[in-house]
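Secondary and tertiary structure notes
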Amino acid sequence: MSELSRSAPERAASPAAEAWRMFRRNRPAMLGTAIFLSMLGVVIYGSLFGGDPFEIVWAPQTPPGEDGFVFGTDYLGRSLATGLLVGGAPTMAVGAAAAVLSIFIGVTIGALAGYYGGWVDNLLMRITEFFQVLPALLFAMVLVTLFSPSLVTISTAIGVVMWPQTARLTRAEFLKIRELEYVTAARAIGAGNGRIMWRVILPNALPPLIVSATLTVGVAILFEAGLSFLGLGDPNTMSWGMMIGANREYILDAWWPVTFPGLAIFLTVFSVSLIGDGLNDAFNPKLRER
Amino acid sequence: MDTVVYVARRLFYGLMLMFFVVVLNFVLIRLAPGDPAEVIAGEMGGTTQEILADIRATYGLDKPVATQLAIYLGQVAHGDLGKSFFFDQPVARLIGTRIGATILLVLTAQFLSILIGVVMGVFAARKPNGVVSALVAVFSTLGYALPVFWTGIMLIIVFASWLPIFPVEGMRSARLEGGGFVHVLDVLHHLVLPAVTLAIIFLAQYARLARTSMIEVLGADYIRTARAKGVPERRVVFHHALRNAVLPILTVAGLQFGNLISGALLVETVFNWPGMGTLAFDSILRRDYPTVMGILIIGAAMVVVANILTDLGYRLADPRIRTEGGRR
């Protein structure tokens, strides 16, 4: 850090510390954090000690609670408890990887468009609009089938279809911030374009981007679940979406094999969304009056 | 700007977008591993040399890539989306038999979610800290987090299996006697669960947006003026405020169309609704690429058309845009 920031008065708490303080007092957000951390713990435990979710262990469609199976068994007699433990890992991994990719593309494109303006902005926004015209899930399905499903292709496909919103948001922030005085000041002391974009503007654009990134993770998880539900996930990896898809022919005979994995997906995305809302409130205290 | 000029520009821009969608399709097939002819024929097995030779001739696969692209663009421009080797039918005809069901589902869901969302939002906005406001907040978080295909399955279990009120799947009953009206009712009966499933996810967003936008508008000076003049509160809310508050909802509704089609894809699969979504699902499982690519083109075209219609609707709803002549 520069000399300037080190000599800044100590009494003012940093914006990040202030946001954290508000976040901690926000009960739904803390509930979301707790749920998310528990789900993460279950998923990590499951992928280490969960066992083989494809193994047939008991009579098919054993109701939950019977014969020692807390969640029952599915249409083939596979333990749902094992599936639930193991099946979260691909969902969360793909969700996280896809979100990172989509944020990377979105922020880069949005920042370049917002900062340079003019024909660069025009061209990049046309490309963004083009991607918004393609129905995202359909496009992701096409990508996954053309390039054969694996965790890498699925994450890439989801990342590639999700970035336009991040790009638009980043562009709007950059357009707003590039006119501010501290950006002019940075330019006056000789900072180059790259430095201004990534070291001056981006840090100041971060709060809304962090909120949107959190929500992007949730959407990416739903995407992965949807693809796996359709049978387009990695066939060798058990996932929550795949469990729902595999058992959906039998919903009229057994409700539990589809209900529990869906609840797991819902709880994960729900917790992410609570965290996102909490971050939003923490970064924009003014909005809370609304 | 003159509305005619505006429409012409929008149409031209839409055509440009479609041109690039078709080019993207072309590039994707070439990027896929393997011989394009085999990719187009599908990986069903039983692909004969004759079929492959036929495909190479139709798509000009022995010619330079630029010529291939020109041939492909020419085909699509003439409404020829290729031939599905699995269904043994032209793709355009296949999609033609399915597109109506998808449009019916998507528009019903869109209508339901906007209508209910706006009503909820308006009630919430009148008491920003009241019960309805809290409900809208809870609903919007739920709507964001519910996997749409799972919601559909849960609705089937509850409202078609436990309480057999609605049919489990499909769009029409197999044997039905009576005139046209009975058939219309039958389709509507089948439509309820899929449309509600799809509406639930979007409903929450519209409710939240309507609430924020109403609160903002109700704080405006002209609302205070209207109240001061003694305009009845109902008229202030529904006539003066709502008209301005729906504008951002229109914008979002247009942008949501792509997501709506993505959602419809999953919902159709769950309910076996005979639209483009089930067709896309069937053809993807069979690696029937001409059909899949055709659906991608038509899906994109539907979004382009919806965006143009939304922009026109926006111009009708907000006279200021027409006079200012600026593009948003």
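Parameters at a glance
Residues numbered from 1 in each chain as written. Chains lettered and ligands numbered in written order. Predicted model: local features only at pLDDT ≥ 70, side-chain atom pairs only at ≥ 80, totals over all residues. Heavy atoms only, no water. Helix = DSSP H or I, 4+ residues; strand = E, 2+ residues; numbered from the N terminus. Buried < 20%, exposed > 50% of the residue type's maximum accessible area, 1.4 Å probe, protein only. Contact = heavy atoms within 4.5 Å. Areas by Shrake-Rupley, 256 points an atom, 1.4 Å probe, with all protein chains shown as cover. Lys, Arg positive; Asp, Glu negative; His and termini not counted. Charge placed at Lys NZ, Arg CZ, Asp CG, Glu CD. Domains from an automatic or database assignment. Buried area = accessible area lost by both parts, 1.4 Å probe. Salt bridge = Lys/Arg side-chain N within 4 Å of Asp/Glu carboxyl O. Polar contact = N/O pair within 3.5 Å; in protein donor to acceptor, adjacent residues only side chain to side chain. Nonpolar A, V, L, I, M, F, W, Y, C, P; charged D, E, K, R; others polar.

A tally of helices and strands in chain A yields 12 helices and zero strands. From first element to last, N terminus to C terminus, chain A shows the α and β order α-α-α-α-α-α-α-α-α-α-α-α. The principal-axis extents of the C-alpha atoms in chain A amount to approximately 75 × 45 × 35 Å. The buried share of chain A, reckoned over its 290 residues, is 50%. In chain A, of all internal contacts separated by at least 6 residues, the share reaching a separation of at least 24 is 72%. Of the accessible surface of chain A, which amounts to about 13500 Å², a share of 64% is contributed by carbon and sulfur atoms. Counting 19 positive and 20 negative side-chain charges, chain A places the averaged centre of each group 16 Å from the other.

Next up on the list: the domain arrangement of chain B. It is common to give the size of an interface as the accessible area that goes away when the parts come together. Splitting chain B by domain gives domain 1 (17-77) and domain 2 (95-286). One C-alpha centre belongs to domain 1 of chain B, the other to domain 2 of chain B; they are set 39 Å apart.

Attention now moves to the interface of chain A and chain B. At the interface, 44 residues of chain A touch 51 residues of chain B. Together chain A and chain B conceal approximately 4400 Å² of surface at their shared face, both sides included; 79% is due to carbon and sulfur atoms. The interface formed by chain A and chain B contains one salt bridge. Between Asp277 of chain A and Arg208 of chain B there is a salt bridge whose closest N-O contact spans 3.4 Å. Connecting chain A to chain B are nine residue pairs in polar contact (both at pLDDT 80 or more). At the level of secondary structure, the elements contributing two or more residues to the side of chain A that touches chain B comprise helix H5 (118-133), helix H6 (136-146), helix H10 (193-229) and helix H12 (256-283) of chain A. It is H12 of chain A that contributes the most residues to the side of chain A that touches chain B, 11 residues altogether. Here the residues of the side of chain A that touches chain B are counted per class, giving 31 nonpolar, eight polar and five charged.

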